[in-house]
Amino acid sequence: MRIANLAGRLALVVDGLAVDVEQASDGLFSADPQAVYERWEEFRGWAAQARLPEGEAFDPARLGAPAPAPRQLVAAGLNYRDHAAEAGFALPDTMPPVFTKFASSLTGPVTDVVLPPDGHTDWEIELVVVIGTRAHHVTADAAWSHVAGLTAGQDISERITQLGGPAPQFSLGKSFPGFAPTGPWLVTPDELGDPGDLALRCTVNGEEVQKSRTSDMIFPVPELIARLSSVMPLLPGDVIFTGTPAGVGIARDPQRWLAPGDELVSTIEGIGELRQRFTDHR
């Protein structure tokens, strides 16, 4: 199953066409894309047996974030060995560094992003998890049963804000408007041959800058959910950015930053792509 936020309305994507859920369910489910996660199991049951009308073609630029208003947006750092190495950090052994991206930075998959003035803006492709049922003190073996689905994400980061000052400001540096594009839709794990081993690829103006597989994570999705849920309840509709592989701009020699006119394309196998174009703040 693939669900989408199409112009602010919950939709099922079937064979590339969008079916409006509120209309198809005769109002059983609301049009609010975020509200569906509170009734995730009920929704999955309905979708599995519903006789859906023919869908409609749509412009990907009309898609919003699949989970646009999570109560918690959690992000993991240093969750790929090659990225930890390029950043000059030891591998985390019990828990990756955890921070948040504020929910106001969430957007859909095709956007224009205004670059912060006098900043050093960087890219970080990431697999993103959306929680379907409450998870607290769950085991890694049980973790997938709490996942609604997977989507693609970009943890866009302004490094001066992030790393300046007497202490790092990870959350602020990663939460400018448009700095958390996700999409193009949410894919349930059963749609993917092996949801733990997906190819990731990121390009800037057509040049490949990141390429990896999610199987290279230090803490795979089930282990990450288990460790996070040992501290905090993960709630329906919560969003988890799972970390980025090597290839970010800050680790290059010379360092490389996104500039006005650049196009960032981020692709995850079995899910789809994000496409961001960057503009000057003036």
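Described below are features of the structure shown in this document. (Residues numbered from 1 in each chain as written. Predicted model: local features only at pLDDT ≥ 70, side-chain atom pairs only at ≥ 80, totals over all residues. Heavy atoms only, no water.)

### Considering the pattern of salt bridges
Link 1 in the chain: Overall, the coordinates contain 19 salt bridges when judged by the stated rule.
Link 2 in the chain: As a salt-bridge pair, Asp190 and Arg44 come within 3.0 Å of each other at their nearest N and O atoms. Note that Asp190 is positioned in the loop between strand E13 (180-187) and strand E14 (199-204) and Arg44 in helix H2 (residues 40-49), a separation of 146 residues in sequence.
Link 3 in the chain: The exposure class assigned to Asp190 is exposed, which follows from its relative accessible area of 56%.
Link 4 in the chain: Overall, the relative accessible area of 27% leaves Arg44 in the partly exposed class.
Link 5 in the chain: A salt bridge links Arg213 to Glu269, with the shortest nitrogen-to-oxygen separation between them at 3.2 Å. (Salt bridge = Lys/Arg side-chain N within 4 Å of Asp/Glu carboxyl O. Helix = DSSP H or I, 4+ residues; strand = E, 2+ residues; numbered from the N terminus. Buried < 20%, exposed > 50% of the residue type's maximum accessible area, 1.4 Å probe, protein only.)

### Description of the sheet that holds strand E8 (residues 110-114)
Adjacent strands of a sheet form backbone hydrogen bonds with each other and so pair up, either parallel or antiparallel.
Link 1 in the chain: Across the sheet, which stays open at both edges, the five strands sit in the order E8-E18-E17-E14-E15 with mixed pairing between neighbours. The two strands at the open ends of the sheet, each matched to only one other strand, are E8 and strand E15 (207-213). Direction aside, the axes of adjacent strands within the sheet are offset by 15 degrees on average.
Link 2 in the chain: Looking at chain direction, E14 and E15 are connected through six bridges and run antiparallel. Note that in E15 the partner of Val204 across the bridge is Glu207. (Pairing = 2+ DSSP bridges. Axes fitted to C-alpha atoms, helices over the stretch in contact; angles between N-to-C directions.)

### A closer look at the pairing of strand E3 (residues 17-20)
Link 1 in the chain: Bridging between strand E2 (residues 9-14) and E3 involves four bridges; their strand directions are antiparallel. Considered in E3, the bridge of Leu12 is made with Val19.
Link 2 in the chain: The hairpin turn running from E2 into E3, its antiparallel successor, is two residues long, and Asp15 in that turn takes a positive phi close to 55 degrees.

### Notes on the packing of aromatic side chains
Link 1 in the chain: Counted by the stated rule, this structure contains eight aromatic pairs.
Link 2 in the chain: Plain terms: the ring middles of Phe29 and Phe43 are 5.3 Å apart, the flat faces sit at 85 degrees to each other, and that makes the pair edge-to-face. Of this pair, Phe29 sits in the loop between helix H1 (21-24) and H2 while Phe43 sits in helix H2, and the two are 14 residues apart along the sequence. The two residues Phe29 and Phe43 agree in class, both being buried.
Link 3 in the chain: Ring plane angle 50 degrees and centroid distance 5.3 Å describe the contact between Phe176 and Phe179, whose orientation is recorded as tilted.
Link 4 in the chain: Aromatic ring contacts, followed pair by pair, group Phe29, Tyr37, Trp40, Phe43 and Trp46 into a single cluster.
Link 5 in the chain: Across from the ring centre of Phe241, 5.9 Å away, lies the NZ or CZ of Lys101, which sits over that ring. (Phe/Tyr/Trp six-rings, centres within 6.5 Å; stacked < 30°, edge-to-face > 60°. Lys NZ or Arg CZ within 6 Å of the ring centre and 35° of its normal.)

### Some words on unusual backbone geometry
Glycine aside, a negative phi is what most residues show, and trans is what most peptide bonds show.
Link 1 in the chain: Gly183 connects to Pro184 through a cis peptide bond whose omega is 0 degrees.
Link 2 in the chain: As for its placement among the helices and strands, Pro184 is situated in strand E13.
Link 3 in the chain: Backbone torsion omega between Asp253 and Pro254 reads 0 degrees, so that peptide bond is classified as cis.
Link 4 in the chain: Structurally, Pro254 is set in the loop between strand E16 (239-241) and strand E17 (263-268).
Link 5 in the chain: Phi angles above zero are rare outside glycine, and Leu78 is one such case at about 50 degrees.
Link 6 in the chain: Tracing the backbone through its elements, the reader meets Leu78 in the loop between strand E5 (73-76) and helix H3 (81-87).

Without other data, these values stay purely geometric and don't point to any function.
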